Each structure stands twice: as C-alpha cells, then as structure tokens.
Amino acid sequence: MTTLSTEPSANAIHGALRLKSIDPRIGSLRPARTPDSVHLEQIARSISQKQMSTRQLFLTTGLGLQGGGRVPVRLPALLLPGLHVLEQLQTLGLPPPTYRIYQATEFIATTNGIPLDEAEETALKMERYLQKYIERFHAHVASHVELRFHQLSTPDIQQRIHATIDAIRAQTATSAAVRDALQLLERCEQKHSGVSGNSHVYAAANALYSGAVDGYPFADDLPTDARAILPIGGHAEKPFFAITSVLSNVNGKNVIPLLTHLGSRPTYYAYPAHSDPLSIDDYGRAVRSPPQDGPIRADIAALQADGATPESLADIFPSAR
C-alpha cells in the first residue's frame, strides 16, 4: 500500500515564502538580488525535507517616520506581505517564523533634524496603530509579530554605522552594484533635499539593521540556530537592499532581502499632494474614488484586499493632534 505524504512540498513552501498565490492587490515577493531566488528554493527544499524549520527564519521590516506627527492611514500596507507569509506558512501546517517590525527612532530623528520628543510621539502613534491593526486583521499570527520602535542610537550603533560607511565605500572599487546604488541614492537625495551625505548613512544603517554586517542590533533576539534573515521592503528600498546584499556576502551573512510592490511611496510618509489619506474620511473617499497616484492607489487597494474598510479602521487609527 502506498502511503501519501501530508508534509507540504518544497514548491508549496516556496510559494508561501514568495506569496505566489496571494491576492494580486497584495502581490508577490521577489528577491532583491536574482541569485537569491535559488537560495529561497533551497530553503524551501530544506524545510520540506525537515532539514531546517521555518522557526529558523527571521523576517524584518524597517520603518522610517516623518516629523509633525502625521501618520498615513495606509501605514500598515507595507507589512501585509510579511503578515501573509506567516499566515500561508501556518496554513501549510508549519510554525510561523518571527516577524520583527522595527524603527530606529532616535537615529532617524538625529539624521533628519527632527526633535526627539516629536519623533517619539509620532513613533508611539505608529506603533499603537500597527499593533491594533495586526490584532484585528491578523490575530492568528499576531503572537509571532514583534514591534520594536523607540530604538536608541547608542555609541556602539553609531560606531558600527560609521564603520559600515567605510566598508561600503571600500566596495565601490570592486562592486558595480554598490557604485550604481550609491549613485542612485545620491541623485535622489540631491533632488529631494539639495544636500548630500545622508544617503551613505542610511545605506549603512540599512545594512546594519538588516543583519548584513557584524553588530546586528537584534542579534540577541535571533533564534540560536537562525539560518536566514529576510528583510522585506518596497521599491524605495531597492538600492539599499543592493548594498546590503553585497555586504552580507562579504561578511558571510545569510541575508535575503525581498521586494514588494507596496510602499513604493513609503507608507510612513504623508503625501497630501498625491491624495494620501490622512484621516478615515480621506480613506473612505479614496476607497470610493481611488487616487490617480499609482503607488498610493496600490497601497489602498492592498488594504482593501486585507479587509480594511473605513468602518473597521475608524476606532484603531490614531486621531489627529
């Protein structure tokens, strides 16, 4: 008699990690670096063959913030892919990995000249909104999601960021990917602020907080036998992820950044000129008549696919100042 295996196949696990069967409004995930497609397939195969566990994966998403205490209604959209990866793995009968959502609040405030008390107030609003959103719409995996806001910029972290800036600059001599990414970041910085320099700082911080260099701030929270860190970000993260990928290779770290089509306009920034909803009334109007701006329209459509109606958000979205 032939015994049928009930264990999920490598294809099913790979499909869950890449969200291949998800509602297209939420969309699939793709590795920021082409060779990592093979690495994800190898991970899925190892899990299906019980050579590793999904608990040995560690998903992360980093969030910025904007001064002025403004929190866009679409803030949770960037987290939807990670949350759905947890749910799809759980549906396959596999234990969800930890999903860490973090914000280096003090570093962001200092780098952008935002008063720390103002940054902390905004961070608290963001954290409470996301916590309530996850509990309401993703209750089955909420215990596997950790929010880490209000991270301090300690002297050790500052030292490691400066060391990582030097490591990035050293790579420009040999890595076209790093050179191209830095040039893109510098052009964007000049276009938006007319100054330069912070792009290198942010690239270094991305590498540090993604686990691509020594001194990972969340090292103590990793599973003792962690096999891979999977940072998830939007299109704006692409050049940062390119640099992070190179540094993770150089340092022998298994970091596999994943890109989502969501958050092409970072969901933690408000874009009122592009009809970005900043209140529940705004969100209701955007649902009835989607904005012309493609990235913001996509984020709102993803929230709708996740079940986030204006009525269901009304009592969890933070009120205006």
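Numbers given to residues run from 1 along each chain, matching the order in which its sequence is written. The predicted origin of the model limits local features to residues at a pLDDT of at least 70 and limits the giving and counting of side-chain atom pairs to 80 or more, whereas totals for whole chains, interfaces and linings rest on all residues. Values reported for side chains reflect all heavy atoms of the structure, with hydrogen atoms and water molecules removed beforehand.

1. Notes on the pairing of strand 5 (residues 228-233)
1) Next: The buried label goes to any residue with under 20% of its type's maximum accessible area, the exposed label to any with over 50%, and the partly exposed label to all in between, with areas taken from a 1.4 Å probe on protein chains only. In this description a helix means any DSSP run of H or I spanning at least four residues, a strand means any run of E spanning at least two, and both kinds are numbered starting from the N terminus. A large share of strand 5 lies buried, amounting to six of its six residues.
2) Next: Strand direction decides the pairing type here: strand 2 (residues 57-62) and strand 5, joined by four bridges, are parallel. Residue pairing across strands places Phe58 opposite Ile229, the latter belonging to strand 5.
3) Next: Looking down the strands as they point away from you, a crossover is right-handed if its path from the first strand over the helix to the second goes clockwise. For the crossover that starts at strand 5, traverses helix 9 (residues 238-250) and ends in the parallel strand 6 (residues 258-259), the hand is right-handed. If DSSP finds at least two bridges between two strands, the strands pair.

2. Description of the environment of His274
1) Next: As for its position among the elements, His274 is in the loop between strand 6 and helix 10 (280-288).
2) Next: For His274, a relative accessible area of 31% gives the class partly exposed.
3) Next: Sequence separation between His274 and Arg33 is 241 residues, and the spatial gap between their C-alpha atoms is 30 Å.

3. Observations regarding helix 10
1) Next: Residues Ile280, Tyr283, Gly284 and Ala286 constitute the buried set of helix 10. Buried residues along helix 10 cover an arc of 165 degrees about the axis, so they all sit on one side. Relative to its buried face, helix 10 has exposed residues pointing more than 90 degrees away, namely Asp281 and Arg288.
2) Next: For helix 10, the secondary structure elements touched by its buried residues are helix 11 (294-305) and helix 12 (310-313). As used here, the arc belongs to the directions running from the helix axis to the C-beta atoms. Contacts between residues were defined by any pair of non-hydrogen atoms, one from each residue, lying within 4.5 Å.

4. A short note on the nonpolar core
1) Next: Among the nonpolar cores identified, the biggest contains 93 residues, and Ile43, Leu57, Ile101, Ile161, Ile243 and Leu313 are the most heavily contacted of them.
2) Next: Considering every element that reaches this core, the biggest residue donor is helix 5 (residues 116-137), with eight residues.
3) Next: Residues contacting Ile43, with those up to four places away along its chain left out, are Leu17, Met52, Leu57, Ala228 and Ile256. We define the nonpolar core as a collection of buried residues of types Ala, Val, Leu, Ile, Met, Phe, Trp, Tyr and Cys that are connected through side-chain atoms lying within 4.5 Å of one another.

5. A short note on the sheet that holds strand 1 (residues 30-31)
1) Next: The strand order across the open sheet formed by six strands is 1-6-5-2-3-4, and the pairing between neighbours is mixed. The two strands at the open ends of the sheet, each matched to only one other strand, are strand 1 and strand 4 (145-148).

6. So, unusual backbone geometry
1) Next: Of note, Lys50 is a non-glycine position whose phi angle comes to about 60 degrees, a positive value.
2) Next: Classification of Lys50 by relative accessible area gives exposed; the value is 62%.
3) Next: The backbone phi angle of His150 is positive, close to 60 degrees, even though this residue is not glycine.
4) Next: As for its placement among the helices and strands, His150 is situated in the loop between strand 4 and helix 6 (155-171).

7. Considering the pattern of salt bridges
1) Next: By salt bridge we mean one thing: a side-chain nitrogen of Lys or Arg within 4 Å of a carboxyl oxygen of Asp or Glu. Evaluated as defined, the whole model comprises 13 salt bridges.
2) Next: Here Lys50 and Glu7 are joined by a salt bridge, their closest N and O atoms 3.4 Å apart. Of this pair, Lys50 sits in the loop between helix 2 (36-48) and strand 2 while Glu7 sits in the segment before helix 1 (10-18), and the two are 43 residues apart along the sequence.
3) Next: Between Arg265 and Asp293 there is a salt bridge; the shortest N-O distance is 2.9 Å. With Arg265 in the loop between strand 6 and helix 10 and Asp293 in the loop between helix 10 and helix 11, the pair connects residues that are 28 residues apart, well separated along the chain.
4) Next: Counted as one network, the salt bridges with shared partners bring together Arg100, Glu146, Arg148 and Asp221.

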